[in-house]
Amino acid sequence: MKRTYMKATLALLIVATVTSCYNLAPENTGALTSADIYRGEGNILKIDSLVDYVKSLAKEKEDILNAHSSTSENFVTTTYRYDGKHSKTVTISCDLTQTPDSIKLTGDHQKDSVTLFWANNYKERGLLKQRVYDVVKNTCLLLANEVKEQNKSLWESHHDGIDSVRYSIALREYPQGDTLSRWTNIYGTEYNTAPELITFSFTPFSDATLLASKGALGVTKGFGRFTYTYTPDSVYDRTYELLDKKEFEKFIKPIFKQKGIESRPFYLSHDKDCPDEVSLFSFGQETTPMEMIVMKEMHPYSPSTGEQFPPSFSETKGTIYTIKSAKQLESVLHQLDERIWQYIDAHPHLWYEFTPDLTITDGKLLAKLSPYFQMSQWTPLYEDVSIILHRYQDTFHILVLNTTGDFWLPAEWPIVKSWENGNVTYVKHPQLTKKELRDYISGTMRHQGSYQAWE
């Protein structure tokens, strides 16, 4: 079976197609140019082929993955960003599941039919995950053969039937000299500051075998993650372009003026006079009317004093678009992808993070909140424009938000028109409990950090 996976991986590496994902800024340090990337220099095409292959495996088993939407996976995520350097990061989920040795039946035909259905579903899901894991691991090993010994670290541990893996590979170095950073740990060597880096890890779950032996279905055997990062520039470009929020919103707005798309305004704010019991920094289920499911505190840092200064004011305003057709959503996102790339190409020094190929699952019960696009600027009062996607059952939301200061989002956002210092105006009176709202929204994203403001 391993030979089959090796053949599949070799086919991936040989039959690679040229793909152009985004327009990188002109190189200024001897790194690859955009033209080089379009021609397929380096290993980026092999990674693109790996991504296509993993996606094809998931597509092949789409009915299995969508049978139970609450456990639906996005195997591949590709993120593009610019923070003074352009980069592309590909992550592939390589988790594995443990299949029970036997299935306990009750003799009740209806109950046993359901049990057998899910046992088969988890078995097929486990086989798919194993295929993804094997092709990713074999790709890493094949690519490792192309680099110098000092630029790769392939650590594995096999103890009592439990496997652990840590791979770190610097596929190439910048041509102007050895800027490659290396440091050692208990798993070998880690690398940084290179045009192409790969990491692959698998951490086993020690109780998986025991749980599976007791008949548990869908037990996680271990957590695996593959990451490929492509950074063509070796030094940061300290040229910053400030956001023109109105220009960007005007640029994408025509896409949302289609039949079948509903829209409504949305507004959140707090200032230094916000009461303590409902302030941004005291949010909690017992003291406030809302629980936050998204929060990002960004505190500017002063090099001269060594202090952080939390913003005393935060405002988020924007539009929530609602679409009730998966087919229309896919069309809208395709158009939005193209418009955003056009805007980024025209503004090469805007700081952004973009995840354009998010998978839209077919599950009817899955609630998911996914960051899609963000442009930011590190001024003394942090600012950004963000686009967030949300799905619940057959309803899709696209949140286009303009933020100054901290970015935060309450669990009640689907029914909130505005929130100002704790004063809430609802689009409609809430019918759902807080728990039901959390189930509707799903997921929590939190981030807190400091930054040195641009001069």
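Residues numbered from 1 in each chain as written. Predicted model: local features only at pLDDT ≥ 70, side-chain atom pairs only at ≥ 80, totals over all residues. Heavy atoms only, no water.

### A short note on the overall build of the protein
Definition in use: By definition, any uninterrupted DSSP run of H or I lasting at least four residues is a helix, any uninterrupted run of E lasting at least two residues is a strand, and each is numbered from the N terminus. Contacts are residue-level and defined by heavy atoms, with any inter-residue pair within 4.5 Å sufficient.
Scanning the protein for helices and strands turns up 9 helices and 21 strands. Taking contacts inside the protein between residues at least 6 apart in sequence as the whole, the part at least 24 apart equals 72%.

### Observations concerning the environment of Tyr-187
Inspection of the secondary structure puts Tyr-187 in the loop between β6 (181-185) and β7 (188-192). Those residues in contact with Tyr-187, other than ones at most four positions away along the chain, are Ser-153, Trp-155 and Arg-166.

### Details of helix α7 (residues 245-252)
Going by this rule: When accessible area is computed with a 1.4 Å probe and restricted to protein chains, residues below 20% of their type maximum are described as buried, those above 50% as exposed, and intermediate ones as partly exposed. Arc, as used here, means the arc of the directions from the helix axis to the C-beta atoms.
Of the residues making up α7, those classed as buried are Lys-245, Phe-248 and Ile-252. Viewed along the axis of α7, the buried residues span an arc of 70°, placing them on a single side of the element. Facing away from the buried side of α7 by more than 90 degrees, the exposed set consists of Lys-246 and Lys-250.

### Concerning the confidence of the model for the protein
The following threshold applies: The score called pLDDT rates the predictor's confidence residue by residue, from a low of 0 to a high of 100.
Averaged over all residues, the pLDDT of the protein equals 78, while 72% of them reach at least 70. Confidence, expressed as mean pLDDT per element, reaches its minimum in the protein at helix α2 (residues 34-39) with 39 and its maximum at α7 with 95. When the criterion is pLDDT under 50, residues 1-41 qualifies, and its contacts beyond four places in sequence or with other chains add up to 75 contacts. Across residues 280-290 the pLDDT falls below 50, and counting only partners more than four positions away or on other chains, this stretch makes 37 contacts in the model.

### Some points on the pattern of salt bridges
Cut-off, in case you're wondering: Between Lys or Arg on one side and Asp or Glu on the other, a salt bridge is scored when a side-chain nitrogen of the former is within 4 Å of a carboxyl oxygen of the latter.
Scanning the model with the defined rule gives 8 salt bridges in all. Note that Glu-156 is salt-bridged to Lys-137, the shortest N-O span being 3.6 Å. Pair noted here: Glu-156 is in strand β4 (residues 152-159) and Lys-137 is in helix α5 (residues 109-144), with a separation of 19 residues, a long-range link. Of the residues examined, Lys-137 reaches a relative accessible area of 16% and is grouped as buried.

### A word on a nonpolar patch on the surface
To be explicit about the condition: To count toward a patch, a residue needs a relative accessible area over 30% and no salt bridge; like charges are then connected within 9 Å, while nonpolar side chains (Val, Leu, Ile, Met, Phe, Trp, Tyr) are connected within 5 Å. With residues, only the protein chains shown are counted as cover, and all accessible areas are computed by Shrake-Rupley using a 1.4 Å probe.
A grouping of Ile-103, Leu-105 and Leu-116 is seen on the molecular surface, where their side chains present a nonpolar patch of about 240 Å² in accessible area. Tracing the chain through its elements places Ile-103 in the loop between β3 (96-98) and α5.

### Let's talk about α5
Quick note on the threshold: A helix's residues, less one, multiplied by 1.5 Å, set its expected span. We call two N or O atoms a polar contact when they sit within 3.5 Å, provided that within protein one can donate a hydrogen and the other can accept it, with sequence-adjacent residues counted only if both atoms are side-chain atoms.
The terminal C-alpha atoms of α5 lie 52 Å apart, and with 36 residues this matches the ideal 52 Å at 1.5 Å per residue to within 8%. With a side-chain oxygen positioned 3.0 Å from the backbone nitrogen of Gln-110, the residue opening α5 is Asp-108.

### Some remarks on the side chain of Asp-48
Structurally, the position occupied by Asp-48 is in helix α3 (residues 44-60). For Asp-48, a relative accessible area of 8% puts it in the buried group. There is a polar contact of 2.7 Å between the side chain of Asp-48 and the side chain of Lys-88.

### Details of the environment of Trp-408
Note that Trp-408 resides in strand β18 (residues 407-410). On the basis of relative accessibility, which here comes to 1%, the residue Trp-408 falls in the buried class. C-alpha of Trp-408 to C-alpha of Lys-296: the two residues are 112 residues apart in sequence and 6.1 Å apart in space.

### Observations concerning the state of the cysteines
Applied cut-off: Criterion for a disulfide: a pair of cysteine sulfur atoms at a distance within 2.5 Å.
Evaluated as defined, the whole model comprises 0 disulfides. Cys-140 provides the cysteine sulfur closest to Cys-94, a residue in no disulfide bond, and the two sulfurs are 7.9 Å apart.

### With respect to the pairing of strand β1 (residues 76-82)
Test applied: A pair of strands is considered paired only if DSSP assigns at least 2 bridges between the two.
Buried residues dominate β1, accounting for 5 of its 7 residues. For β1 and strand β2 (residues 86-93), the ladder comprises 7 bridges, and the chain directions are antiparallel. Note that in β2 the partner of Thr-78 across the bridge is Val-90. Pairing geometry for β1 and strand β14 (residues 351-354), over 3 bridges, is antiparallel.

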